[in-house]
Amino acid sequence: MIFAHISDIHLRPEGDLAHDVADTAGGLTGAVERLAALDPPANAVLITGDLVDDPDADSYAQLRCLLDPLSVPVYLVPGNRDDRATLRAAFADAGYLPGDGAFLHYAVEHLAVRLLALDTVKPGAKTGEMCAERLAWLEDCLDEAPGRPTVILMHHPPFKTGVPFMDGQDFAGADAFAEIVGAYRNVERVLCGHLHRPIQRRFAGTLACVAPSTAFHMPLDLRPGAELGLVLEPPAGFLHVWSAGTGMVTHTLPLVAHPGPFPFRRRPAPAAAPGET
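Computed from a prediction, not measured in an experiment: that's the story for all the values here.

Asks: Mind showing me how you'd approach a negative patch on the surface here?
Replies: Taken together, the side chains of Glu 139, Asp 140, Asp 143, Asp 175 and Glu 179 present a region of like negative charge at the surface. Secondary structure elements with two or more residues in the negative patch: α4 (132–144) and α5 (174–182). For the negative patch, the element with the highest residue contribution is α4, accounting for 3 residues. Taking relative accessible area as the criterion, Glu 179 reaches 63% and is therefore assigned exposed.

Asks: What's the story with the sheet that holds strand β10 (residues 236–243) in this structure? I'm lost.
Replies: Two orientations exist for strands paired in a sheet by backbone hydrogen bonds: parallel and antiparallel. One open sheet holds the 5 strands; their spatial order is β3-β2-β1-β10-β11, and the pairing between them is mixed. Sheet topology places β3 (74–77) and β11 (247–254) at the edges, where each strand pairs with a single neighbour. Shown here is a sheet whose adjacent strand axes are inclined to one another by a mean of 20°, direction ignored. Judged from the 8 bridges that link them, β10 and β11 form a sheet pairing that is antiparallel. Bridge assignment links Leu 239 to a residue of β11, and that residue is His 251.

Asks: Can you walk me through α4 in this structure?
Replies: Helical geometry note: an α-helix holds 3.6 residues per turn, so side chains three or four residues apart project in the same direction. Compared with an ideal rise of 1.5 Å per residue, which puts 13 residues at 18 Å, α4 spans 18 Å between its outermost C-alpha atoms and is within 8% of the ideal. Along α4, the residues that are buried comprise Arg 134, Leu 135, Leu 138, Cys 141 and Leu 142. Within α4, the buried residues cover an arc of 130° as seen down the axis, which keeps them to one side. Away from the buried face of α4 by more than 90 degrees, exposed residues Ala 132, Glu 133 and Glu 144 are located. Here the buried face of α4 lies against α3 (84–90), β5 (114–117), β6 (150–153), α5 and β7 (187–192).

Asks: Hey, could you run me through the packing of aromatic side chains in this one?
Replies: Working definition: an aromatic ring pair is given by the centre-to-centre distance plus the angle between the planes. On inspection of all chains with the given rule, the structure shows 6 aromatic pairs. Consider the rings of Tyr 96 and Tyr 106, whose centres lie 4.8 Å apart with planes at 55°: the pair is tilted. Taken together, the residues span a long stretch of sequence, with Tyr 96 in the loop between α3 and β4 (106–108) and Tyr 106 in strand β4 at a distance of 10 residues. You'll find Tyr 96 and Tyr 106 in the same group, each marked buried. An angle of 45° between the planes, with centres 6.5 Å apart, marks the rings of Phe 171 and Phe 177 as tilted. Given the relative accessible area of 11%, Phe 171 is considered buried. Note on Phe 177: relative accessible area 0%, which makes it buried.

Asks: Help me out: how do you make sense of the pairing of β10 in this one?
Replies: Look at any regular strand and the pattern is simple: side chains alternate between the two faces of the sheet. Burial analysis of β10 places 6 of its 8 residues in the buried class, which makes it a mostly covered element. One ladder, built from 4 bridges, connects strand β1 (residues 2–6) with β10; its direction is antiparallel. For Ile 2, the partnering residue across the bridge sits in β10 and is Val 241. Hairpin connection between β10 and β11: a loop of 3 residues separates the two successive antiparallel strands.

Asks: Would you take a moment to explain the sheet that holds β5 for this structure?
Replies: Read across the open sheet, the 6 strands follow the order β4-β5-β6-β7-β9-β8; overall the sheet is mixed. What marks the edges here is a single partner per strand, and that holds for β4 and β8 (199–203). On average, each strand axis in the sheet is tilted by 20° relative to the strand beside it, whichever way the strands run. Judged from the 4 bridges that link them, β7 and strand β9 (residues 206–210) form a sheet pairing that is parallel. Looking at the pairing, Val 190 lines up with Ala 208 of β9. Contacting β4, β5, β6 and β7, α4 runs over the sheet at an angle of about 170° to β5. The strands that α5 touches are β6, β7, β8 and β9; relative to β7, the one it contacts most, it runs at about 150°.

Asks: Just to check I follow, could you spell out the nonpolar core for this structure?
Replies: Soluble globular proteins tend to pack their nonpolar side chains together in the buried interior. Grouped together as the largest cluster of nonpolar side chains are 49 residues, with contacts concentrated most on Leu 35, Ile 47, Leu 63, Leu 67 and Leu 76. In terms of residues, this core owes the most to one element, helix α1 (residues 24–36), which gives 5 residues. The residues touching Leu 67, leaving out its near neighbours within four places in the chain, are Leu 28, Val 32, Ile 47, Val 74 and Leu 76. Listed in part, the 33 residues of the second largest apolar core include Leu 118, Phe 159, Val 190 and Ala 215.

Asks: I'm lost on the pattern of salt bridges in this one. Help?
Replies: Pairing is possible between side chains of opposite charge, provided their charged atoms come close. Per the stated rule, a full pass over the model turns up 13 salt bridges. Across the salt bridge formed by Arg 64 and Asp 93, the nearest N and O atoms sit 2.7 Å from each other. With Arg 64 in helix α2 (residues 57–67) and Asp 93 in the loop between α3 and β4, this residue pair connects regions lying 29 residues apart in the sequence. Since its relative accessible area comes to 33%, Arg 64 is described here as partly exposed. Exposure remark for Asp 93: the relative accessible area of 59% places this residue in the exposed category. A salt bridge links Glu 129 to Arg 134, with the nearest nitrogen and oxygen atoms 2.7 Å apart. When its relative accessible area of 18% is taken as the criterion, Glu 129 is described as buried. Note on Arg 134: relative accessible area 2%, which makes it buried. Salt bridges sharing partners connect three or more residues here, namely Arg 12, Asp 16, Asp 53, Asp 54 and Arg 81.

Quick notes on the rules
- Residues numbered from 1 in each chain as written.
- Predicted model: local features only at pLDDT ≥ 70, side-chain atom pairs only at ≥ 80, totals over all residues.
- Heavy atoms only, no water.
- Patch = residues over 30% accessible without salt bridge, like charges linked within 9 Å, V, L, I, M, F, W, Y side chains within 5 Å.
- Areas by Shrake-Rupley, 256 points an atom, 1.4 Å probe, with all protein chains shown as cover.
- Salt bridge = Lys/Arg side-chain N within 4 Å of Asp/Glu carboxyl O.
- Lys, Arg positive; Asp, Glu negative; His and termini not counted.
- Charge placed at Lys NZ, Arg CZ, Asp CG, Glu CD.
- Helix = DSSP H or I, 4+ residues; strand = E, 2+ residues; numbered from the N terminus.
- Buried < 20%, exposed > 50% of the residue type's maximum accessible area, 1.4 Å probe, protein only.
- Pairing = 2+ DSSP bridges.
- Axes fitted to C-alpha atoms, helices over the stretch in contact; angles between N-to-C directions.
- Expected span 1.5 Å × (residues − 1).
- Arc of directions from axis to C-beta.
- Contact = heavy atoms within 4.5 Å.
- Phe/Tyr/Trp six-rings, centres within 6.5 Å; stacked < 30°, edge-to-face > 60°.
- Core = buried A, V, L, I, M, F, W, Y, C linked by side-chain atoms within 4.5 Å.

Structure representation (structure tokens):
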């Protein structure tokens, strides 16, 4: 089973550049072309939040249009740039978002790997949280199928990264979340976004993966006091490949056109020098 994982689209209208430099619509268009051409195809595409820059109906309609070439299921979770009600309305016919309730949690049960999608949004804030109600939902879901391989989707990473300007945003409820996840050996991955960098860390007995962005990236700057900015590194995502024999293996996937593959060319053996046998 193959999951393609992208994040932080920050979609803006075509020609409207984010921060005056980043073509977010073009980044998503290229990503969709790359994902649609995968051979073998992914079984699903997972998108971990910050879907649009301005969370209005037109932006989500544009998002649906640009995702339309994908022939496999697409599963979204909201990020801090998203609006729950508008997102729910825009994707109401997708069949997986809850029709009511305070949070956009859901479970995908029909795949070989179970998906549990968490809504970590704290309205009006960039930071994430897992309150008592959300933690209870997660624990109940994990209790239902403790033997099934499971992937958790969420926007905000529940851990520090070592990058100072990323680590200034606390995740409320991170310790309680880690305690719940750590009690279940079947959690294959915790998949996140928000930080616009490929980051992986051992977390609560599993592996937490922060996907890079299709729009723009944060610089990898470990210096104390480094200022927040952005860099136009190539768009990328992850491929999470699961089988019963190996569990989950994660690969970084560039999402821009690049040359290759080329066959390896074996150089001919050098000719023997005179007198050598």
